[in-house]
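Read off the chains here:
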Protein chains: 2
Amino acid sequence: MKEDYKKTDDGYEYKYPRAAITTDCVIFGFDGRYLNILLVERGIEPFKGSWALPGGFLKMDERVEECAFRELKEETSLEPEQIEQFGVFSSLDRDPRGRVVTVAFYALVKRTHVIGGDDANDARWFPIEDLPPLAFDHKEIIDEAMLALKRDLHHQPIGFMLLDEQFSMPELQRLYEAILGRHFDRRNFQKKMMASGIVTPTVYSESTGHRPSKLFTFNPLEYKKMKEENTNGKEF
Amino acid sequence: MKEDYKKTDDGYEYKYPRAAITTDCVIFGFDGRYLNILLVERGIEPFKGSWALPGGFLKMDERVEECAFRELKEETSLEPEQIEQFGVFSSLDRDPRGRVVTVAFYALVKRTHVIGGDDANDARWFPIEDLPPLAFDHKEIIDEAMLALKRDLHHQPIGFMLLDEQFSMPELQRLYEAILGRHFDRRNFQKKMMASGIVTPTVYSESTGHRPSKLFTFNPLEYKKMKEENTNGKEF
DNA sequence: CCTTAATTGTGTAATTATGACGCAAAACTA
DNA sequence: TAGTTTTGCGTCATAATTACACAATTAAGG
């Protein structure tokens, strides 16, 4: 590759000005009732002490997806199976440090895998309906992530990344309701899920304060099939 | 805004190396039978003489959307109503000039608005099934654009941007078939379109080589409603 | 031990959407 | 006037969606 910069004593010199590139991750978790988002407390200026999305600057030897993974691991020690790119944010004044363009991703993780803030900064889950004031334009990014998630829920089997290996039908339904923001009829919901073939009953039950619910697992074969056919318009 | 660079005699100096940012546009057009893509012939190295997507480098006073619009106008004199961002491409070796990250958009334009190549380079429509060899990773970008278009066709009333004000039902159907790559039954297709409320018949007819077809327009009210509700999962 | 509260499992009927298909009508050609 | 092409309009069977009701299981309280 031809060198497109000149190394100087103080840094790197380019013929034309360049914006910096960052990645930011909206991490969704589910606590059984509400959708949550993982935020980190900023340890440095700007917005020191504010809550923000995990993310950081792109290095020269990585793609944006790799950058998002790396930053996420560094700041939250999370390593999600999959991340989904959903938008680029490039307003001129979105970062007080200068011109920064960010590529935004979302990912889904099980809430049981909680965080040990690897960096100095704290990391915490916040319910989506009750977020603290956020740094930069991160509120706007989260709003877009929600739209992307709603859109993708029907075409990708992402719901299962948020639940444990085994889950009850009411749990799954609450998840769908939390994401889509609307209510479903219990009976019709179960019927549709069963008909789609992505869940299989595992006959086991658990003991709770009321009638125990049957537990399900998702069907990895159907899971894979849907991932490949996600443009076929089949809803589930 | 705090300055994040140092102006030198030869250019702009940054503490850490930075990738350059470009935008690229996949412009779809419809000739009544096939889906087409607008390509420009590169006038300079690298890939001089090759066909490529219109696009170029981000300036410091514009957002990526504005960059895409500007480059598109400069290179093809097109000014589409709307562009849709669908992906970021950041492979390390995708551009021989160095590290370049591109933000990709697609847009839909009526084929009647043809091009006067404003720049030195030529600009031409190519049927999607018969593209020439392309510069950079532009083939991959086009493939992704097709997937995004297929996905969005059901949730956004984009089909109408590709057709004239008035269009016959067979024309609309051919467009859907060209995009989705599958066949529909004439009668069911019309039934569904009418039921969705986005088309209104305009009783007029035209004179052709066979039975004249009724002409339709799209319904701007439904159009607007759908744009707002595009996450509700209603298909059309 | 029986009742109540909470929650889950299961079934059925009405409505709506989808997919397959047939036939007649309008323009052009011969 | 007959043949060809292409369109308009309709019907029927099947599949998907929605609305709705009652019985079963556990824990808690008298």
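Residues numbered from 1 in each chain as written. Chains lettered and ligands numbered in written order. Predicted model: local features only at pLDDT ≥ 70, side-chain atom pairs only at ≥ 80, totals over all residues. Heavy atoms only, no water.

## Overview of the overall build of chain A
Along chain A, the regular secondary structure elements total 5 helices and 12 strands. Relative to its full complement of 236 residues, chain A shows a buried share of 52%. Intrachain contacts of chain A at a sequence separation of at least 6 include 64% that bridge at least 24 residues. Carbon and sulfur atoms form 48% of the exposed surface of chain A, whose accessible area is close to 12000 Å². (Helix = DSSP H or I, 4+ residues; strand = E, 2+ residues; numbered from the N terminus. Buried < 20%, exposed > 50% of the residue type's maximum accessible area, 1.4 Å probe, protein only. Contact = heavy atoms within 4.5 Å. Areas by Shrake-Rupley, 256 points an atom, 1.4 Å probe, with all protein chains shown as cover.)

## Examining the relation of the copies chain A and chain B
For the pair chain A and chain B, the best superposition has an RMSD of 0.1 Å and corresponds to a rotation of 179° with a translation of 0.0 Å parallel to the axis. The superposition operator between the copies reduces to a two-fold rotation axis. When each C-alpha of chain A is compared by its distance to the rotation axis, Glu13(A) comes out closest, at 2.0 Å. When the interface residues of chain A are mapped onto chain B, 100% of them again lie at the interface, so the same face is used by both copies. (Least-squares fit on C-alpha atoms with pLDDT ≥ 70 in both.)

## Quick notes on the confidence of the model for chain A
Scored by pLDDT, chain A comes out at a mean of 87, with 87% of its residues at no less than 70. A low-confidence stretch, residues 230-236 of chain A (pLDDT under 50), is modelled with 21 contacts involving residues beyond four sequence positions or located in other chains. (pLDDT = per-residue confidence, 0-100.)

## As for the interface of chain A and chain B
Every contact between the two is made by 44 residues of chain A and, on the other side, 44 residues of chain B. Summing both partners gives a buried area of about 3900 Å² for chain A against chain B, and 57% of it is carried by carbon and sulfur. If you look at where chain A meets chain B, you find 2 salt bridges. Here Asp10(A) ties to Lys6(B) by a salt bridge, and the two come within 2.8 Å at their closest N and O atoms. In this structure, the connection of chain A to chain B is made through 19 residue pairs in polar contact (both at pLDDT 80 or more). Of all elements in the fold, only β2 (12-14), β3 (20-30), α1 (64-76), β7 (83-89) and β8 (100-108) of chain A reach the threshold of two or more residues within the side of chain A that touches chain B. Within the side of chain A that touches chain B, the residues separate by chemical class into 17 nonpolar, 10 polar and 17 charged. As paired elements, β2(A) and strand β2 (residues 12-14) of chain B share 3 bridges and run antiparallel to each other. (Buried area = accessible area lost by both parts, 1.4 Å probe. Salt bridge = Lys/Arg side-chain N within 4 Å of Asp/Glu carboxyl O. Polar contact = N/O pair within 3.5 Å; in protein donor to acceptor, adjacent residues only side chain to side chain. Nonpolar A, V, L, I, M, F, W, Y, C, P; charged D, E, K, R; others polar. Pairing = 2+ DSSP bridges.)

## Details of the protein's contact with DNA strand C
Surveying the vicinity of DNA strand C reveals 20 residues, the closest of which are Arg186(A), Arg187(A), Lys214(A), Arg187(B) and Asn188(B). Sugar and phosphate atoms form 45% of the subset of DNA strand C atoms that lie within 4 Å of the protein. Arg186(A) places a polar side-chain atom, nitrogen or oxygen, 2.9 Å from a base oxygen of DNA strand C. A distance of 3.0 Å is found between a base oxygen of DNA strand C and a side-chain nitrogen or oxygen belonging to Lys191(B). (Near = heavy atom within 4 Å.)

## Quick look at the packing of aromatic side chains
In the structure shown here, the tally under the stated rule is 21 aromatic pairs over all chains. Ring centres of Phe160(A) and Phe167(A) lie 5.7 Å apart, and the angle between their planes is 40°; on these two criteria the pair is classed as tilted. The exposure class assigned to Phe167(A) is buried, which follows from its relative accessible area of 1%. Residues Phe184(B) and Phe189(B) carry aromatic rings whose centres are separated by 5.8 Å and whose planes lie at 45° to one another, so their mutual orientation is tilted. The cationic tip of Lys7(A) hangs over the ring face of Tyr12(A); the distance from NZ or CZ to the ring centre is 4.6 Å. (Phe/Tyr/Trp six-rings, centres within 6.5 Å; stacked < 30°, edge-to-face > 60°. Lys NZ or Arg CZ within 6 Å of the ring centre and 35° of its normal.)

## What about unusual backbone geometry?
In this chain, Glu45(A) is followed by Pro46(A) through a cis amide linkage whose omega measures -5°. Of note, the phi angle at Phe136(B) is positive, near 50°, even though the residue is not glycine. By the element assignment, Phe136(B) lies in the loop between β9 (123-127) and α2 (138-153).

## Comments concerning the protein's contact with DNA strand D
Within the structure, DNA strand D sits among 21 residues, and Arg187(A), Arg211(A), Arg186(B), Arg187(B) and Lys214(B) are positioned closest to it. Each atom of DNA strand D within 4 Å of the protein belongs either to a base or to sugar and phosphate, the latter forming 45%. Taking Asn188(A), its side chain carries an N or O atom lying 3.1 Å from a base nitrogen of DNA strand D. In the environment of DNA strand D, a base oxygen lies 2.9 Å from a nitrogen or oxygen atom belonging to the side chain of Arg186(B).

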